Amino acid sequence: MMGSSSVFSVLGAALHALPPLSFHNRTSSSTIYPTTYTHPLVDAFQSWLNSELLRLQESGGAYLSAEWLGQALELCLAVHSRAEELFPHIQQAILRENRKWVDEQLDVTVKLLDVCNALRRTISDVKEYQALLQMIVRGLEGFSDNPMCGRQLCRARTGLGNCKEFMVKKEAQSLQASSTKHSRLDKCSSMLRQIGEKLLATPTSGNSSKAQFLEILYGSTATTVFVCGVLVAALSFKSKRSLPAPPHMAHSSSASALHSLHHKVKEDIERRRNKGARAPLQELDSVDAAVRHLYVVVNRWITSKSSGSDLDNEALELKQSVESLKKCLADMEAGIAPFEKQFDKLFRVMISNRMALLDSISYS
């Protein structure tokens, strides 16, 4: 958990010393130029971030598992923590920035918070989906003790039928509730692209100390944008939604590793969808497949006229299908619970950073 000396509290403290500046002549076409000297601490940060991004690539292609997403979120938190430790060493670079630059960073944090908030609601939808299925599984486990209870099976079939399209319906509801023509996750993708463009277009001079500071801030923000983009894609049942491209930051030594990781994750998403996966997240797709199979088995039992050994075989198939869904649900719960906590931590860190900056600006 980040303390009172957060990234933006340092930024805010630096604002007190800022004289009124004019920035009418600055343009979005300005670029960051390579520095001839890199502070050892900045270089160590970039080397560490580069190695961590490469480590995330070494997962054997299992990029869309809850476990991998937890590791990616853990890296996000570590990046923000390490960046915070470095800011006191380059505070003079912050003093040279003007108010417009800080306002641009505030705009980025607003969009990231909106994305995080939307993702939290989507994770809540997944948990609701999980809870409904657990109720159905408990009911079907009881069916084995009383196989003649047809009403119990009919209720299970109705529930499974609703759950087959649960996440799709949730996204459709978010579209209906929206004032635009985009669903919740569509808006997330759009905002993440806007953040990438903002990072690319943020103007700065060629001052070496200033460029070094921005390199750290951009690296931490770009990592957060990437991980949120993967979450948007992983939790989506909309097959046409693509993974938002990471910001292009040629000045950062970790940019190559980030773009390489993005490419591999995007390939994994496309590969899973080409194989018929409805949701890129492995655990969520496994549950979806088990729900659809169980629905067929339950419906077959209800409409079956079998007897004797055929009926016994159908009963065994039903029991095995219920156990399969139960296991898939347990795997999904075990995977999502940890990364949900990490995501909540990231959300709180970003709120704390923004509030610290706003408080400082109000007194400047």
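Use the structure listed above.
Residues numbered from 1 in each chain as written. Predicted model: local features only at pLDDT ≥ 70, side-chain atom pairs only at ≥ 80, totals over all residues. Heavy atoms only, no water.

1. Looking at the packing of helix H6 (residues 150-164) against helix H11 (residues 282-303)
To keep it simple, the criterion reads: Every angle, taken between N-to-C directions, lies between 0 and 180 degrees, and every axis is a line fitted to C-alpha atoms, over only the stretch in contact when it is a helix. A run of DSSP states H or I qualifies as a helix once it reaches four residues; a run of E qualifies as a strand once it reaches two. Both are numbered from the N-terminal end. It is the rotation of the near helix from the far one that decides the hand of a crossing: anticlockwise by less than a right angle makes it left-handed, clockwise makes it right-handed. Contacts were defined at the residue level, with two residues in contact if any of their heavy atoms lie within 4.5 Å. Each residue is assigned to one of three groups, with Ala, Val, Leu, Ile, Met, Phe, Trp, Tyr, Cys and Pro labelled nonpolar, Asp, Glu, Lys and Arg labelled charged, and all others, Gly among them, labelled polar.
As a packed pair, H6 and H11 sit with axes 9 Å apart at the nearest point and diverge in direction by 150°. Regarding H6 and H11, the two cross each other, and that crossing is left-handed. Contacts between H6 and H11 pair Leu153, Cys154, Arg157, Leu160, Gly161, Cys163 and Lys164 from the former with Asp288, Val291, Arg292, Leu294, Tyr295, Val298, Asn299, Trp301 and Ile302 from the latter. A class-by-class count of the residues in the contact of H6 with H11 yields 10 nonpolar, two polar and four charged.

2. Things to note about helix H2 (residues 40-57)
Condition: The span expected for a helix works out to 1.5 Å for each residue beyond the first. The classification of residues rests on relative accessible area computed with a 1.4 Å probe and restricted to protein chains. Under 20% of the type maximum is buried, over 50% is exposed, and intermediate values are partly exposed.
In this model, H2 (18 residues) spans 26 Å end to end at C-alpha, consistent with the 26 Å of a helix rising 1.5 Å per residue. The complete set of buried residues in H2 reads Val42, Phe45, Gln46, Trp48, Leu49, Glu52, Leu53, Leu56 and Gln57.

3. Quick look at the pattern of salt bridges
Note on pairing: side chains with opposite charge can pair once their charged atoms come close. Note the cut-off: One speaks of a salt bridge when a side-chain nitrogen belonging to Lys or Arg is within 4 Å of a carboxyl oxygen belonging to Asp or Glu.
Under the counting rule described, the total for this entry stands at 14 salt bridges. Across the pair arginine 184 and aspartate 125 runs a salt bridge whose closest N-O atoms are separated by 3.0 Å. One end of the pair, arginine 184, is in helix H8 (residues 184-201); the other, aspartate 125, is in helix H5 (residues 99-143), with 59 residues separating them in the sequence. The buried category is assigned to arginine 184, whose relative accessible area is 17%. Residue classification places aspartate 125 among the buried residues on the basis of a relative accessible area of 10%. For arginine 292, the salt bridge is made with glutamate 165, and the minimal N-O distance between the two is 2.9 Å. Taken together, the positions of arginine 292 in helix H11 and glutamate 165 in the loop between H6 and helix H7 (166-177) put the pair 127 residues apart, joining distant regions of the chain. A relative accessible area of 23% means that arginine 292 is categorised as partly exposed. Residues participating in the shared-partner salt-bridge network are Glu165, Arg278, Asp288 and Arg292.

4. So, the environment of phenylalanine 347
Inspection of the secondary structure puts phenylalanine 347 in helix H12 (residues 308-362). Spatially, the C-alpha atoms of phenylalanine 347 and leucine 112 are 9.0 Å apart, while their sequence positions differ by 235 residues.

5. Observations regarding helix H10 (residues 255-274)
What counts, and what does not: To be clear, the arc concerns the directions from the helix axis to the C-beta atoms.
Counted at 1.5 Å a residue, the expected span for H10 with its 20 residues is 28 Å, and the 28 Å between its end C-alpha atoms agrees. If you check which residues of H10 are buried, you get Ala255, Ala257, Leu258, Leu261, His262, Val265, Asp268, Ile269, Arg272 and Arg273. Buried residues in H10, looked at end-on, bunch into an arc of 160°, giving them a common side. Those residues of H10 that are exposed and angled more than 90 degrees off the buried face are Ser256 and Asn274. Looking one or two residues past H10, glycine 276 carries a phi angle of roughly 100°, positive in sign.

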